[in-house]
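These are the residues of each chain, in order.
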Number of protein chains: 2
Amino acid sequence: MNDIVVGIDAGASKTRAFAVDRAGTVVGRGAGGGGNLLTSPDPQGAIAAALAEALGGRGADAVVLSCAGGDRETERARGEEILTRLAPPGAKLLVTHDAIAALYAGNPTGCGVVLIAGTGSIAYGRNEEGEEDRAGGWGYLIGDEGSAVWCGLEALRAISHAVDGRGAPTRMTALLFQQLGVGEFSDVLPHLYGRPHPAPAIGAATRALASASAEGDAIANAILQRGSNALARAATVVALTLGLSAGPVYLAGGAFENLSLLQRLVQLDLLGLLPQATVEPVREEPAMGAARLASALAWSAE
Amino acid sequence: MNDIVVGIDAGASKTRAFAVDRAGTVVGRGAGGGGNLLTSPDPQGAIAAALAEALGGRGADAVVLSCAGGDRETERARGEEILTRLAPPGAKLLVTHDAIAALYAGNPTGCGVVLIAGTGSIAYGRNEEGEEDRAGGWGYLIGDEGSAVWCGLEALRAISHAVDGRGAPTRMTALLFQQLGVGEFSDVLPHLYGRPHPAPAIGAATRALASASAEGDAIANAILQRGSNALARAATVVALTLGLSAGPVYLAGGAFENLSLLQRLVQLDLLGLLPQATVEPVREEPAMGAARLASALAWSAE
């Protein structure tokens, strides 16, 4: 036994790894580049860097990799192949979905509902009987309501309507043009199409939305209200399905940090739909959730 | 003088060319593959094939190329380069937007509003003073409301909501799974992401929507109603801006043919918003509109 386990969270923009001991104390931290198994250029390199740095040459009793798509067979097989190649000999291995790691980051018992709004969005829950449910998380083309990318796409839609005279004027138009250094809406299109996801125009539009919302722009705030409604609804469906209407509901992801009104609205919407629930932010990083899963994998049967 | 001109319509899936004489009679027809200047693999080859077949070795006084993006500098320059290389010596050349050709296909004078719902959607108009206006047509990520691709994406959204328990059940779910040969919604994702636009899942979802609508599915019909509202609104804004509220409004594009309820709803919505307008389908192909523009280019100054 090494009395150490590692949790790795492989995200689109960065990979984080935490090594923890039996007391749950972090004894090593590591970081790497983008580790999304489908879209990052070198997920194995990113995961290898984060894992090696966290371990610092030590062995491990278990390694858990959390990643987007970790519940789909293709991505899980890819992740298991990578873990098998990289993990210390003898370590138990597991590949899982990043929403599960986020839930364990919110609650060491892995029970409750986690509502994630980052680049994408998803609601995921697990009750004491171990039953699981999810809503949302179907990607930027048809889902991810309330996420940073969804907010940016909705902002671009609203701006196109304002430009056409189909919708009300919004401060977002000028803020977006300024961000991208363009003079008219058709010049935005090359920043949006024919680009890898998420395109520069989407990030710029999300920032324009955040600024316009801070200035009180009604169209920007209406988008955040719709995003909040969709997020709260997804979490509520999961909570009701699992008998978790008294909560807790954990909030995670960068969209809540960067769009402060979104977090306030989601809390209000959730308390309206689930009056008995408690709502709180996830305070630990997802890699800590993965490390807690690794602890259970290594030592819970002892 | 050759007393012949050619109009070419270069679309995403096929390219058509019409050669017409001074009386407006079609004296040659040609066809080629996809000729979209940004997304087709060999637009020059497709345009060359259609043009050569239509001319059959004759010269021409003018050649007009109509294509998506023909109002943007980059695409127009690309189109002009291709036309210069291919057209008979001495012919006057013009590259224009496909919505303009559709309007001329509806009305030889090129006046009125044309509302196009094909793969994408746009409203475009031109009045007797030559003033022009447009609304919509901003592409599948943020616009193209009421188009075939928009309908497919909305169908996929509605299905994802039904699957999650966030929305009402719809016949579209079973019809989509059947089309794609899958058993659950997560198996749809590989048919949607990481694919060239438009992905197979989108076409399958549009067909599922058409079938479900024919069976009276309320969710499918609600999507068509929202698409119709958006299309009618776009055409109305253009008509009011140009002082064309008495019409005519011409309808063009495959979405109206494949989604029969959409065309009926758009007619109703348009007559609600523009009670004095006349609404009629464009009866000629867009390549005929381009040929009419070529006739004006070659002979109107005589």
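Structure first, text after, so check above.
Fair warning: this is a prediction, and the values are worked out from it, not measured in the lab. (Residues numbered from 1 in each chain as written. Chains lettered and ligands numbered in written order. Predicted model: local features only at pLDDT ≥ 70, side-chain atom pairs only at ≥ 80, totals over all residues. Heavy atoms only, no water.)

## Here we look at the sheet that holds strand β5 (residues 92-97) of chain A
All names here are of chain A. Spatial ordering of the open sheet is given by β3-β2-β1-β4-β5, a layout of five strands whose pairing is mixed. The strands lining the two open edges of the sheet, one partner per strand, are β3 (26-32) and β5. Each strand axis lies, on average, 15 degrees off the axis of its neighbour in the sheet, ignoring direction. Lying on the sheet, helix α2 (residues 73-86) is in contact with β1 (4-10), β4 (62-67) and β5; it crosses β5 at an angle near 145 degrees. Together, β1, β4 and β5 form the strand contacts of helix α3 (residues 98-106), whose direction differs from that of β5 by roughly 100 degrees. (Pairing = 2+ DSSP bridges. Helix = DSSP H or I, 4+ residues; strand = E, 2+ residues; numbered from the N terminus. Axes fitted to C-alpha atoms, helices over the stretch in contact; angles between N-to-C directions. Contact = heavy atoms within 4.5 Å.)

## Re the packing of helix α6 (residues 200-214) of chain A against helix α7 (residues 218-241) of chain A
Residue and element names in this part refer to chain A. Close contact between α6 and α7 brings their axes to 8 Å; oriented N to C, the two are set at 110 degrees. Regarding the angle of α6 to α7, the classification is roughly perpendicular. For the element pair α6 and α7, the recorded crossing hand is left-handed. Counting all contacts with α6, which are made through Leu209, Ala212 and Ser213, the residues of α7 involved are Ala220, Asn221, Ile223 and Leu224. Of the residues in the contact of α6 with α7, the class split is five nonpolar, two polar and no charged. (Parallel < 35°, antiparallel > 145°, perpendicular 65-115°, else oblique. Left-handed = near helix turned anticlockwise from the far one by under 90°. Nonpolar A, V, L, I, M, F, W, Y, C, P; charged D, E, K, R; others polar.)

## Overview of helix α6 (residues 200-214) of chain B
All names here are of chain B. Under the 1.5 Å per step criterion, the end-to-end length of α6 is 21 Å for 15 residues, consistent within 8% with the ideal 21 Å. Every buried residue of α6 is accounted for by Ala201, Ile202, Ala204, Ala205, Thr206, Ala208, Leu209, Ala212 and Ser213. Looking at the buried side of α6, the elements it contacts are α4 (148-164), α5 (171-180), α7 (218-241) and α9 (260-273). (Expected span 1.5 Å × (residues − 1). Buried < 20%, exposed > 50% of the residue type's maximum accessible area, 1.4 Å probe, protein only.)

## Points about the relation of the copies chain B and chain A
Note on the identical chains: chain B maps onto chain A by a rotation of 180 degrees and an axial translation of 0.0 Å, with an RMSD of 0.0 Å. In short, the pair behaves as if placed about a two-fold rotation axis. Nearest to the rotation axis, the C-alpha of leucine 141 of chain B is located 3.6 Å from it, this being the minimum over chain B. Most of the interface of chain B is mirrored in chain A, where 100% of its interface residues again form contacts. (Least-squares fit on C-alpha atoms with pLDDT ≥ 70 in both.)

## Observations concerning the interface of chain B and chain A
Taken together, the contact between chain B and chain A spans 28 residues of the former and 28 residues of the latter. Buried area between chain B and chain A, both sides added, is near 2,800 Å², and the carbon and sulfur share of it is 61%. Considering only the side of chain B, the residues that lose the most area to chain A are Trp138, Ile142 and Arg166 of chain B, jointly responsible for 31% of the buried surface there. In this structure, the connection of chain B to chain A is made through two salt bridges. Notably, a salt bridge pairs arginine 166 of chain B with glutamate 145 of chain A, separated by 3.3 Å at the nearest N-O pair. (Buried area = accessible area lost by both parts, 1.4 Å probe. Salt bridge = Lys/Arg side-chain N within 4 Å of Asp/Glu carboxyl O.)

## Section: the layout of surface pockets
Its volume calculated, the second largest pocket comes out at about 950 Å³. Forming the walls of the second largest pocket are 34 residues, and the residues nearest its centre are Glu154, Arg157 and Arg226 of chain A together with Glu154 and Arg226 of chain B. Elements supplying a minimum of two residues to the lining of the second largest pocket: α4 (148-164) and α7 of chain A together with α4 and α7 of chain B. Class assignment for the residues of the lining of the second largest pocket results in 15 nonpolar, six polar and 13 charged. (1 Å grid on protein atoms, 1.4 Å probe; cavity = no way out; pocket = protein on both sides within 12 Å on 5 of 7 lines; lining within 4 Å. Points joined across faces, edges and corners; volume = space filled by probe spheres on them.)

## Focus on the packing of helix α1 (residues 43-55) of chain B against helix α2 (residues 73-86) of chain B
Residue and element names in this part refer to chain B. Packing of α1 against α2 leaves a shortest axis separation of 10 Å and a crossing angle of 45 degrees. By the angle class used here, α1 and α2 are oblique. Viewed along their axes, α1 and α2 form a crossing whose handedness is right-handed. Between α1 and α2, the contacting residues are Pro43, Gln44, Ile47, Ala48 and Leu51 on the first element and Arg78, Ile82, Arg85 and Leu86 on the second. Its residues placed into classes, the contact of α1 with α2 shows six nonpolar, one polar and two charged.

## What to know about the sheet that holds strand β8 (residues 132-136) of chain A
All names here are of chain A. As summarised here, the arrangement of the five strands in space is β8-β7-β6-β9-β10, forming an open sheet in which the pairing is mixed. What marks the edges here is a single partner per strand, and that holds for β8 and β10 (279-281). Strand-to-strand twist across the sheet, computed as the mean angle between neighbouring axes with direction ignored, equals 20 degrees. On top of the sheet, helix α9 (residues 260-273) reaches β6 (112-117), β9 (249-252) and β10; it is set at about 165 degrees to β9, its chief contact.

That is the geometry; function is a separate question.
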